[in-house]
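Understanding the architecture of this molecule
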Amino acid sequence: MTYTLPPMNPLRAFEAAARHLSFKLAAHELHVTPGAVGQQVKALEDRLGVRLFERLHKQLTLTSAGRDYVASVRDGFRCIADATAQLKPPGVTGILTIGVHNRFHRARLGADRFRAANPTIGLRIVEPAGLHELVEGKIDALVDRSLGHHPGYRCDRLDAGSGVGDCLICPEGTADCPEIESLRAWLLGADAAKRFPKVVARAN
């Protein structure tokens, strides 16, 4: 059986905008511009031939069709999320996909020790990866050579110095999730003395 479905990005933009009743807040959540959210929602409305929002002065409200549609879209997203959760290995509460740049030595990450110290977090490593993969949602966090300035993203420096260096970069919206916090603590914690000696020296 085949399904005729709208593209996923306009659906995500619509659901987020409907939840917040704001293109600006939806844009912050999705790490895009408010204009991009508005364009995606407009493209969805044009595709469906139905107006989903009433765009009033400084106010966004759902039409009756929009209210009915968002309920079904949320049910679909929930089913996908539940099915995805069932694929996780036993005992794993979260899967973290981290990208690293092509000059990064994986031994510095200590992936095996991280898994042993955090048995409930599944860890996948994508290499090489850059900000493009992070923006597209292909990875959850990125270790990249950076000056640490990316609007909408949190950047934690992993080595000392004021120039370009390795940073842990993740969207501000997920920067405080338990899996990311565990990874950040691991990279900047006591075990980092062997992998990132300059960080520990600076902290002391």
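Structure: see above.
Structural notes, computed from the coordinates. (Residues numbered from 1 in each chain as written. Predicted model: local features only at pLDDT ≥ 70, side-chain atom pairs only at ≥ 80, totals over all residues. Heavy atoms only, no water.)

**Points about the pattern of salt bridges**
Oppositely charged side chains are able to pair whenever their charged atoms sit close together. For the record, the criterion: For this analysis, a salt bridge means a side-chain nitrogen from Lys or Arg found within 4 Å of a carboxyl oxygen belonging to Asp or Glu. Here a strand is any run of E in DSSP of at least two residues, a helix any run of H or I of at least four, and the numbering for each starts at the N terminus. When accessible area is computed with a 1.4 Å probe and restricted to protein chains, residues below 20% of their type maximum are described as buried, those above 50% as exposed, and intermediate ones as partly exposed.
With the rule as written, the count across this model stands at 12 salt bridges. Put simply, Arg115 and Asp112 hold a salt bridge, and the shortest N to O gap is 3.3 Å. Of the two residues, Arg115 and Asp112 both sit in helix H5 (residues 111-117), 3 residues apart, roughly one turn of that helix. Judged by its relative accessible area of 61%, Asp112 is exposed. For Arg184, the salt bridge identified is with Asp156, shortest N-O distance 3.0 Å.

**Some words on the packing of aromatic side chains**
Here is the rule we go by: When two rings of Phe, Tyr or Trp (its six-membered ring) have centres within 6.5 Å they constitute a pair, described as stacked for plane angles under 30 degrees, edge-to-face for angles over 60, and tilted for the intermediate range.
Counted according to the given criterion, the structure contains 4 aromatic pairs. Ring geometry for Phe23 against Phe53: centres 5.9 Å apart, planes inclined by 85°, an arrangement best described as edge-to-face. Residue Phe23 is found in helix H2 (residues 23-30), and its partner Phe53 is found in strand E1 (residues 53-56); the two are separated by 30 residues along the sequence. Grouping aromatic residues by their ring pairs yields a cluster made of Phe14, Phe23, Phe53 and Tyr69.

**Some thoughts on the sheet that holds strand E6 (residues 153-157)**
Short version of the rule: Being paired, for any two strands, means DSSP has found at least two bridges between them. Lines fitted to the C-alpha atoms define the axes, with helices restricted to the stretch that makes contact. Angles between their N-to-C directions range from 0 to 180 degrees.
Across the sheet, which stays open at both edges, the 5 strands sit in the order E4-E3-E5-E7-E6 with mixed pairing between neighbours. Taken across any chain shown, the strands that pair with only one partner, and hence form the sheet edges, are strand E4 (121-126) and E6. Between one strand and the next, the sheet's axes are offset by a mean angle of 25°, whatever the strand orientation. Two elements, strand E3 (residues 94-100) and E4, share 6 bridges in a ladder whose sense is parallel. Residue pairing in the sheet places Ile98 in a bridge with Ile125 of E4.

**With respect to the side chain of Asp156**
Selection rule: What qualifies as a polar contact is a pair of N or O atoms within 3.5 Å, subject to a donor-acceptor requirement within protein and to the restriction that residues adjacent in sequence count only when both atoms come from side chains. When checking whether two residues touch, look at their non-hydrogen atoms; a contact exists if any pair is within 4.5 Å.
Tracing the chain through its elements places Asp156 in strand E6. The class for Asp156 is buried, based on a relative accessible area of 12%. At a separation of 3.0 Å, a polar atom in the side chain of Asp156 contacts the side chain of Arg184. Ignoring anything within four residues of it in the chain, the contact list for Asp156 reads Asp166, Cys167, Leu168 and Arg184.

So yeah, pure geometry; function would need other evidence.
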